[in-house]
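The chain contents come next:
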Amino acid sequence: MPPATYKRILFNERPEGDITSTTFRTEVSPFDLKPGEGEVLVQVIYLSLDAAMRAWMRPVKTYMEPLQIGEVMRSGGLAVVVEAGKGSKLAEGDLVTGSVGWREYGVFRSTELRKLQTPPGAETLDWLGALGTTGLTAYFGLTDIGKLKAGETLVVSGAAGATGSLACQMGKILGARVVAIAGSADKCAWLESELGVDKALNYKSPNFKQQFKDAVPHLDVYFDNVGGEILDLALTRLNMYARVVMCGAISEYNARPKGLQNYQNIITQRAQLRGFIIFDYTKQYPEGLAIIAKWLAEGKIKRKFHVVEGIENAPEALPLLYSGGNTGKLYVRLMVVKVADPKVKL
Ligand SMILES: NC(=O)c1ccc[n+]([C@@H]2O[C@H](COP(=O)([O-])OP(=O)(O)OC[C@H]3O[C@@H](n4cnc5c(N)ncnc54)[C@H](OP(=O)(O)O)[C@@H]3O)[C@@H](O)[C@H]2O)c1
């Protein structure tokens, strides 16, 4: 039985700096959703919270159109098909993924969603993490942009987060010496003892700069998730022909960027800084996913699922990404429901 009403969370106000209590508003609507031809009605069960969401709130076009005021908050998620319209490519009970947004229920064209079959060794939630754009970003960032080779020194910032924790482990699998940078002693202990990085450094420690210089005489690849001062510091340790993977700049998403001081080392070290957006690799996703799935099946990749309960808590959960409140991938669980495939574990 469908409920009498359902919730959606709308983008309400562009934040100037940090996300606030008025950035979003909740709308409760009567349940009048019905799939038409080629459409499906889905119930959303998990939402993925991603650092890029703050960048979409700016009034400028990035790699996506800016969010419009009043729009349902854009978000990837997992959902289950509740009702399939005539001619739909999906069936009731299918587990699917797509850009579902912050809503409990929605109607989509069946071609906008992808049916999932979780490979051995993986969990359903991996579709939003290791087997989602997060894992693919770590993989193609390291292999194609960073061209990481065995024996090289890899530095990863934002290392205990979703993308960074996968980049650290993939770096170890690819044979690199890995130095991780994260924002607490607990995160550093997890990175060293559980994920097996060679050294983890807390950038909030008063001696961080000296510790970084001691741990990183030279770096070959810097996987940058944070930008700002840590990127500037990394530029002082570039090896000849070093590659900087410009993945993200979370330290500067909520404020005006300050600019780099040490960029002249890029010239003297013949280094390369290259930005990328994971959607550039859409055609290569199957190749990347096959390798990540194999690593998962071999038990080579550990994950931490940081799950917040209830769609109403999504607005308070999102800022955890900018304050360092999450370890591993951040999700919002809406509901645990039955899916058609009894092998699917939710
Ligand atoms: N290029 C692409 O296609 C692509 C795709 C996916 C993600 N990304 C980028 O990858 C990065 C990570 O995203 P994610 O979604 O995986 O989030 P995440 O790493 O799970 O969470 C963000 C982490 O960043 C750290 N952080 C926050 N503010 C910081 C600051 N001022 N200085 C240093 N570290 C800070 C926090 O950990 P601490 O406790 O360590 O501070 C926080 O846990 C983001 O920059 C995102 O934009 C890019």
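Residues numbered from 1 in each chain as written. Predicted model: local features only at pLDDT ≥ 70, side-chain atom pairs only at ≥ 80, totals over all residues. Heavy atoms only, no water.

## Things to note about the site of the ligand
Condition: Put simply, a residue is near a molecule or strand once any heavy atom of it comes within 4 Å of that molecule or strand. Polar contacts, as counted here, are pairs of nitrogen or oxygen atoms within 3.5 Å of one another; within protein the pair requires one atom able to donate a hydrogen and one able to accept it, and residues that are adjacent in sequence qualify only if both atoms are side-chain atoms. Method for areas: the Shrake-Rupley scheme with a 1.4 Å probe, in which residue coverage is limited to the protein chains shown. For the purposes of this entry, the term helix denotes a DSSP run of H or I that reaches at least four residues, the term strand denotes a run of E that reaches at least two, and both are numbered from the N terminus. Ten residue types, Ala, Val, Leu, Ile, Met, Phe, Trp, Tyr, Cys and Pro, are classed as nonpolar, four, Asp, Glu, Lys and Arg, as charged, and the remainder, Gly among them, as polar.
Inspection of the region around the ligand gives 26 residues, with T163, K187, Y203, Y253 and N326 positioned closest. Separating an oxygen atom of the ligand from a side-chain N or O atom of Y203 is a distance of 2.5 Å. A distance of 3.4 Å separates a nitrogen atom of the ligand from a polar backbone atom of Y322. Calculation on the ligand without its partners gives an accessible area of 910 Å², and the protein chains cover 90% of this total. Those elements giving two or more residues to the shell around the ligand turn out to be α3 (162-173) and α10 (320-323). Considered class by class, the residues forming the shell around the ligand number 14 nonpolar, 10 polar and two charged.

## Brief notes about the nonpolar core
Quick note on the threshold: Only buried residues count toward a nonpolar core, which is a set of Ala, Val, Leu, Ile, Met, Phe, Trp, Tyr and Cys residues joined through side-chain atoms within 4.5 Å. A simple rule labels every residue: compare its accessible area, found with a 1.4 Å probe on the protein chains alone, to the largest value its type can have, and call it buried under 20%, exposed over 50%, or partly exposed in between. Marked domain ranges trace back to an automatic or database domain assignment. Contacts are assigned to residue pairs with any non-hydrogen atoms lying within 4.5 Å of each other.
L154, M170, L191 and I292 are the most contacted members of the largest nonpolar core, which totals 51 residues. Formed jointly, this core draws a minimum of three residues from each of two domains, domain 1 (5-129 + 303-333) and domain 2 (133-297). Excluding residues within four positions of it along the chain, L154 makes contact with L142, L148, A167, G171, A176, R177, V178, V179, V221 and F223. Listed in part, the 33 residues of the second largest apolar core include F11, L90, V308 and A317.

## Re the packing of aromatic side chains
Cut-off, in case you're wondering: For this analysis, a ring pair means two rings from Phe, Tyr or Trp (six-membered ring only for Trp) whose centres lie within 6.5 Å, classed as stacked if their planes differ by under 30 degrees, edge-to-face if by over 60, and tilted for the remaining angles.
The final tally for this structure, using the stated rule, is 12 aromatic pairs. When the ring of Y139 is compared with that of F140, the centres are 5.1 Å apart and the planes differ by 75 degrees; the resulting orientation is edge-to-face. Note on F140: relative accessible area 2%, which makes it buried. Centroid distance F305 to Y331: 5.9 Å. Interplanar angle 55 degrees. Geometry classified as tilted. On the criterion of sequence distance, the pair formed by F305 in strand β14 (residues 305-309) and Y331 in strand β15 (residues 329-333) is long-range, its members being 26 residues apart. Accessibility expressed as a relative area gives 26% for F305, which makes it partly exposed.

## Some thoughts on the sheet that holds strand β13 (residues 272-275)
The test is simple: Any two strands with at least two DSSP bridges between them are considered paired. The convention used is that axes are lines fitted to C-alpha atoms, helices contributing only their stretch in contact, and that angles between N-to-C directions extend from 0 to 180 degrees.
Strand order in this open sheet of six strands is β10-β9-β8-β11-β12-β13, and the pairing throughout is parallel. At either margin of the open sheet sits one strand with a lone partner, and together these are β10 (199-202) and β13. Sheet twist, expressed as the average angle between the axes of neighbouring strands with direction ignored, equals 15 degrees. Summarising the sheet, strand β12 (residues 238-246) and β13 pair through four bridges and their orientation is parallel. Pairing of V245 across the sheet is with R274, part of β13.

## Considering the domain arrangement of the protein chain
Quick note on the threshold: Buried area: the sum, over both parts, of the accessible surface (1.4 Å probe) that disappears when the two are put together. A side-chain nitrogen of Lys or Arg and a carboxyl oxygen of Asp or Glu constitute a salt bridge if their distance falls within 4 Å.
For the protein chain, the domain assignment lists domain 1 (5-129 + 303-333) and domain 2 (133-297). Each of domain 1 and domain 2 was reduced to a C-alpha centroid, and the two centroids are 27 Å apart. Taken together, the contacts link 26 residues of domain 1 with 18 residues of domain 2. Taken together, both faces of the contact between domain 1 and domain 2 bury some 1700 Å²; the carbon and sulfur share is 61%. The largest per-residue losses of area from domain 1 upon contact with domain 2 belong to Y63, G129 and R303, which jointly make up 22% of the total buried on that side. For the pair domain 1 and domain 2, the number of links is zero salt bridges. Counting every contact that joins domain 1 to domain 2 gives six residue pairs in polar contact (both at pLDDT 80 or more). Considering each element in turn, the side of domain 1 that touches domain 2 owes the most residues, three residues, to α10. Grouping the constituent residues of the side of domain 1 that touches domain 2 by class yields nine nonpolar, eight polar and nine charged.

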